[in-house]
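Below, each chain spelled out in residue letters.
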Amino acid sequence: QQPVQSPQAVILREGEDAVINCSSSKALYSVHWYRQKHGEAPIFLMILLKGGEQKGHDKISASFNEKKQQSSLYLTASQLSYSGTYFCGTEVSNFGNEKLTFGTGTRLTIIP
Amino acid sequence: DGGITQSPKYLFRKEGQNVTLSCEQNLNHDAMYWYRQDPGQGLRLIYYSQIVNDFQKGDIAEGYSVSREKKESFPLTVTSAQKNPTAFYLCASSGQGGDTQYFGPGTRLTVL
C-alpha cells in the first residue's frame, strides 16, 4: 500500500524551514527519501532503517518513528536549490528482495 | 563514469504500435526497476528484476513486457494493450532489492 505524504505542496521563502511527513499503514523496515526536479531523475537523499534513527547532512535531516510508522524530512534554512518534489519510498521487510513503494510526493517551492 | 542510461529521451509513437524503451547500467547492480510517472503523481512500479533471466510484475504491469537477458540491460516494451501509455518512464537499479535505487534520466513517451 502506498505511503501517504503530507503536505502535498508547500511554498516557502528562502531561509524558512519545512517538514515533510511520510506515513505508512504497514510496519516498515526502511524509508528512502528522494528529491526530483521537474523533468529529471529522482536523486537519492538518505535512507533510514528500522530503529528510530535520525540522519542528516548539511541542512537536510530525517527521522524515523517506528511506533508511528512515520518518517519526517526536515529542511532548515531552505535554499532556492531545495525546490522540487520530494518522495519517500518505503520497504516493509529486510529479506533483500523487496521493492520500494513510493508516496505521491510533496512539491516544495522556494521563493526569494 | 558509472551510471544508468535511458534512450531515447523523447519518443513519439502512433496509437496501436509497440515501442521499446532502453535501459542500461554499468554499476554492476543486480536489481533493476521500471517506473511510470504521470503529472502530479508519484512513481508507480511496472516491473522489477532481482537477477538475470528473472523478473516480477509490479503494481501496473498490464500492457507492458520486459526481459532481462543481461545484467546490464532491462528493456521495457509498451504494447498496444496499454490503454494510456503517454507518460514519463524511469528506470532504476540497486545493488539488491531494498537498497538505494539510482535512477536514469527518463524517457518521455507520447502516443499520438
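Right above here is the structure, for reference.
Here the structure is a predicted model, which means the values were calculated and not measured.

What counts, and where the lines are drawn
- Residue positions are counted from 1 within each chain, in the order its sequence is given.
- Lettering of chains starts at A and numbering of ligands starts at 1, both following the order in which they are written.
- Local features in a predicted model are, by the rule used here, given only for residues with pLDDT of at least 70; side-chain atom pairs are given and counted only at 80 or more, and totals for whole chains, interfaces and linings are based on all residues.
- Side-chain metrics in this entry use all non-hydrogen atoms of the structure; hydrogen atoms and water are not considered.
- In this description a helix means any DSSP run of H or I spanning at least four residues, a strand means any run of E spanning at least two, and both kinds are numbered starting from the N terminus.
- With C-alpha atoms as the basis for the radius of gyration, the globule rule is written as 2.2 Å multiplied by the number of residues raised to the power 0.38.
- Think of it in three bands: residues with accessible area under 20% of the maximum for their type are buried, residues over 50% are exposed, and the middle band is partly exposed, with areas taken using a 1.4 Å probe on protein chains only.
- Note on contacts: a residue pair is in contact if any heavy atoms of the two residues lie within 4.5 Å.
- What sets the accessible areas is the Shrake-Rupley method with a 1.4 Å probe; for residues, cover comes only from the shown protein chains.
- Charge convention: Lys and Arg are scored as positive, Asp and Glu as negative, and His as well as the terminal groups of each chain are ignored.
- Lysine's charge is taken at NZ, arginine's at CZ, aspartate's at CG and glutamate's at CD.
- Strands are treated as partners if at least two bridges between them are detected by DSSP.
- Note: buried area is the sum, over both parts, of the accessible area (probe 1.4 Å) each one loses when the two are combined.
- Amino acids are sorted into nonpolar (Ala, Val, Leu, Ile, Met, Phe, Trp, Tyr, Cys and Pro), charged (Asp, Glu, Lys and Arg) and polar (every other residue, Gly among them).
- The rule for a disulfide is simple: a pair of cysteine sulfur atoms within 2.5 Å.
- Only C-alpha atoms enter the line fits that serve as axes; for helices the fit covers just the stretch in contact. Angles between N-to-C directions range over 0 to 180 degrees.
- One side-chain nitrogen of Lys or Arg within 4 Å of one carboxyl oxygen of Asp or Glu is enough to make a salt bridge.

A word on the overall build of chain A
Turning to step 1, where the next piece is worked out: Each helix and strand counted, chain A has zero helices and eleven strands in total.
Turning to step 2, where the next piece is worked out: Ordered by position from the N terminus, the helices and strands of chain A form the series β-β-β-β-β-β-β-β-β-β-β.
Turning to step 3, where the next piece is worked out: Taking 13 Å as the expected radius of gyration for a compact globule of 112 residues, we find that chain A reaches 13 Å, a close match to that expectation.
Turning to step 4, where the next piece is worked out: Expressed along its principal axes, the backbone C-alpha trace of chain A runs to roughly 45 × 25 × 20 Å.
Turning to step 5, where the next piece is worked out: Looking at the 112 residues of chain A, the share that counts as buried comes to 46%.
Turning to step 6, where the next piece is worked out: Contacts spanning at least 24 positions in sequence make up 55% of the contacts within chain A whose residues lie at least 6 apart.
Turning to step 7, where the next piece is worked out: Carbon and sulfur atoms make up 50% of the accessible area of chain A, which totals about 5,500 Å².
Turning to step 8, where the next piece is worked out: Treating the 11 positive side-chain charges of chain A as one cloud and the 9 negative ones as another, the clouds have centres 4 Å apart.

Remarks on the pairing of strand β4 (residues 30–36) of chain A
Residues and elements named next belong to chain A.
Turning to step 1, where the next piece is worked out: For β4, the tally of buried residues reaches seven of seven residues, placing the bulk of the element in the interior.
Turning to step 2, where the next piece is worked out: Where β4 meets strand β5 (residues 43–49), six bridges bridge the pair, whose relative direction is antiparallel. Across the sheet, W33 pairs through a bridge with M46, a residue of β5.
Turning to step 3, where the next piece is worked out: Joining the antiparallel neighbours β4 and β5 is a turn of six residues, in which G39 adopts a positive phi near 75°.
Turning to step 4, where the next piece is worked out: Sheet topology note: the β4/strand β9 (residues 84–91) ladder contains seven bridges and is antiparallel. The residue of β9 that forms the bridge with S30 is E91.

A short note on the interface of chain B and chain A
Turning to step 1, where the next piece is worked out: On the chain A side, the residues contacting the 23 residues of chain B number 18 residues.
Turning to step 2, where the next piece is worked out: Taken together, the two surfaces of chain B and chain A that pack against each other cover about 1,600 Å², and 56% of this comes from carbon and sulfur.
Turning to step 3, where the next piece is worked out: If one sorts the elements of the side of chain B that touches chain A by residue count, strand β5 (residues 43–51) of chain B sits on top with four residues.
Turning to step 4, where the next piece is worked out: For the side of chain B that touches chain A, the per-class residue count stands at nine nonpolar, eleven polar and three charged.

Thoughts on the state of the cysteines
Turning to step 1, where the next piece is worked out: In this structure the tally under the stated criterion is two disulfides over all chains.
Turning to step 2, where the next piece is worked out: At a sulfur-sulfur separation of 2.0 Å, the disulfide partner of C22 of chain A is C88 of chain A. Linking C22 of chain A and C88 of chain A, the disulfide has an S-S dihedral of approximately 75° and is accordingly described as right-handed. Pair noted here: C22 of chain A is in strand β3 (residues 18–23) and C88 of chain A is in strand β9, with a separation of 66 residues, a long-range link. Taken as a pair, C22 of chain A and C88 of chain A share a single burial class, namely buried.
Turning to step 3, where the next piece is worked out: With its sulfur 1.8 Å from that of its partner, C23 of chain B forms a disulfide with C91 of chain B. Between C23 of chain B and C91 of chain B the disulfide shows an S-S torsion of about -70°. By sign, it is left-handed. Taken as a pair, C23 of chain B in strand β3 (residues 19–25) and C91 of chain B in strand β9 (residues 87–94) lie far apart in primary sequence, 68 residues in all. Across the pair, exposure class does not vary: C23 of chain B and C91 of chain B are buried alike.

Considerations on the sheet that holds strand β1 (residues 4–7) of chain B
Residue and element names in this part refer to chain B.
Turning to step 1, where the next piece is worked out: Here we have four strands laid out as an open sheet, ordered β1-β3-β8-β7, and antiparallel in their pairing. Looking along the sheet, the strands with just one partner apiece sit at the ends: β1 and β7 (64–66). Between one strand axis and the next, the sheet turns through 20° on average, direction left out of account.

Remarks on the pattern of salt bridges
Residues and elements named next belong to chain B.
Turning to step 1, where the next piece is worked out: The final tally for this structure, using the stated rule, is three salt bridges over all chains.
Turning to step 2, where the next piece is worked out: Here D30 ties to K71 by a salt bridge, and the two come within 3.4 Å at their closest N and O atoms. Of this pair, D30 sits in the loop between β3 and β4 (31–37) while K71 is found in the loop between β7 and β8 (76–78), placing the two residues 41 residues apart along the sequence.
Turning to step 3, where the next piece is worked out: D30 sits in the partly exposed class, given a relative accessible area of 33%.

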